[in-house]
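Coordinate analysis (summary)
In case you want the letters, here they are:
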Amino acid sequence: MEAARHRAAVDGHGDVVRFENVELAEFDTTHRFDVLVGRFILQYLPDPAAALNRLAHLVRPGGIVVMHDMDVSNADVSRPLCPIWNDCYALLRALFRAHGIAPDFGRHLTRVFLDAGLGWPNVESGAMTGGKPGSTVFTWLGSAVQAIEPLLVQAGIALPDGVTIDDSLAATLERAVLNSRAMVLGNTHYGAWVRLDKGLE
Ligand SMILES: C[S@@+](CC[C@H](N)C(=O)[O-])C[C@H]1O[C@@H](n2cnc3c(N)ncnc32)[C@H](O)[C@@H]1O
């Protein structure tokens, strides 16, 4: 939170940006916002449509609601096959499933917007992709797996044989992918948005 405040101040937005760390189910305010935006939030909530409906009531008529979520359900994420890449990527999918979250949640956004009473959203998607030396996709998967390791252990998800999960993982993945001369995929992102011309009833 301090880092976020510091960054806003350095960028000259300290007077107009406020940060609050709250449980979303308890967040309420009389303020009405121009834009409601959430990235990788809805998919972690027990009832995403209900949460979206409640939060969208905080948007003024004419305001915009934008939600961005991911899909890690793809099992075919390297070509030619690079086994360690696929095995590490599969850990993300397994952890979502272990927590009862759809690994392809991003693809449910249209339905979630409709169930929330927001109407049909505009949707766009894009996948992180790479394969040449220094591609950011290597550090993305390496740091993601490192970050979730305690949760994987807690959920009893077996780690791939011979894979050391530490600061060296991104470099290990990069070496393996370059040796395979493969193109690899990261997560697929889905963005959905609507303008609430009249606000929500
Ligand atoms: C994968 S992170 C995404 C963080 C950031 N929005 C981004 O795009 O990088 C998921 C975030 O959802 C937050 N979150 C999940 N459930 C929440 C809840 N019930 N109330 C508030 N925040 C929640 C977590 O604290 C975490 O910061």
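The rules behind these values
- Residues numbered from 1 in each chain as written.
- Predicted model: local features only at pLDDT ≥ 70, side-chain atom pairs only at ≥ 80, totals over all residues.
- Heavy atoms only, no water.
- UniProt positions renumbered as here; feature names shortened; annotations may be inferred.
- Helix = DSSP H or I, 4+ residues; strand = E, 2+ residues; numbered from the N terminus.
- Phe/Tyr/Trp six-rings, centres within 6.5 Å; stacked < 30°, edge-to-face > 60°.
- Buried < 20%, exposed > 50% of the residue type's maximum accessible area, 1.4 Å probe, protein only.
- Core = buried A, V, L, I, M, F, W, Y, C linked by side-chain atoms within 4.5 Å.
- Contact = heavy atoms within 4.5 Å.
- Axes fitted to C-alpha atoms, helices over the stretch in contact; angles between N-to-C directions.
- Parallel < 35°, antiparallel > 145°, perpendicular 65-115°, else oblique.
- Left-handed = near helix turned anticlockwise from the far one by under 90°.
- Nonpolar A, V, L, I, M, F, W, Y, C, P; charged D, E, K, R; others polar.
- Polar contact = N/O pair within 3.5 Å; in protein donor to acceptor, adjacent residues only side chain to side chain.
- 1 Å grid on protein atoms, 1.4 Å probe; cavity = no way out; pocket = protein on both sides within 12 Å on 5 of 7 lines; lining within 4 Å.
- Points joined across faces, edges and corners; volume = space filled by probe spheres on them.

Labelled according to an unreviewed UniProt entry, the chain appears under the name Methyltransferase family protein, originating from Actinocrispum wychmicini.

What follows deals with the UniProt feature "domain: Methyltransferase type" (unreviewed entry) in the chain. On the UniProt side, "domain: Methyltransferase type" (unreviewed entry) is annotated at positions that read residues 3-65 here. In the segment residues 3-65, helix accounts for 27% and strand for 22%; the C-alpha atoms at its two ends are 26 Å apart.

This paragraph deals with the packing of aromatic side chains. Scanning all chains against the criterion turns up 3 aromatic pairs. Taking 6.1 Å as the distance between ring centres and 85° as the angle between the ring planes, the aromatic pair formed by Trp85 and Phe138 counts as edge-to-face. Of this pair, Trp85 sits in helix α3 (residues 83-98) while Phe138 sits in helix α5 (residues 136-154), and the two are 53 residues apart along the sequence. Grouping residues by exposure puts Trp85 and Phe138 together as buried.

Core analysis: the biggest nonpolar cluster contains 31 residues, and Trp85, Cys88 and Leu141 have the highest contact counts within it. Those elements giving two or more residues to this core turn out to be α3, α5 and α6 (169-180). Setting aside chain neighbours within four positions, we find Trp85 in contact with Val77, Ser78, Val137, Phe138, Leu141, Leu173, Val177, Val184 and Leu185. Counting residues in each nonpolar core, the second largest holds 24 residues, with Leu52, Ala56, Val59 and Phe105 among its members.

Two packed helices can be described by the angle between their axes and the distance between those axes. It is the contact of α3 with α5, at a shortest axis distance of 10 Å, that shows an interaxial angle of 50°. Of the possible angle classes, the one that applies to α3 and α5 is oblique. Along this stretch, α3 crosses α5, giving a crossing that reads as left-handed. Contacts from Trp85, Cys88, Tyr89, Leu91, Leu92 and Leu95 in α3 reach Val137, Phe138, Trp140, Leu141, Ala144, Val145, Ile148, Leu151 and Leu152 in α5. Across the contact of α3 with α5, the residue classes break down as 15 nonpolar, no polar and no charged.

Following the sequence through the fold, Ser135 ends up in the loop between β4 (122-130) and α5. Within the local environment of Ser135, its side chain forms a polar contact with the backbone nitrogen of Gly131, the two atoms lying 3.1 Å apart.

Attention shifts here to the layout of surface pockets. Remark: the empty space left among the atoms is shown by a probe the size of a water molecule rolled over them. There is about 890 Å³ of room inside the largest pocket. Considering the residues around the largest pocket, the lining is formed by 22 residues, among which Arg18, Phe19, Glu20, Phe27 and Phe33 are closest to the centre. Ranked by residue count, the leading element in the lining of the largest pocket is strand β1 (residues 33-39), at 5 residues. A class-by-class count of the residues in the lining of the largest pocket yields 16 nonpolar, 3 polar and 3 charged. Considered as a void within the structure, the second largest pocket measures approximately 290 Å³ in volume. Looking at the second largest pocket, it is lined by 15 residues, and the ones nearest its centre are Tyr44, Met70, Leu92, Phe96 and Ile148.

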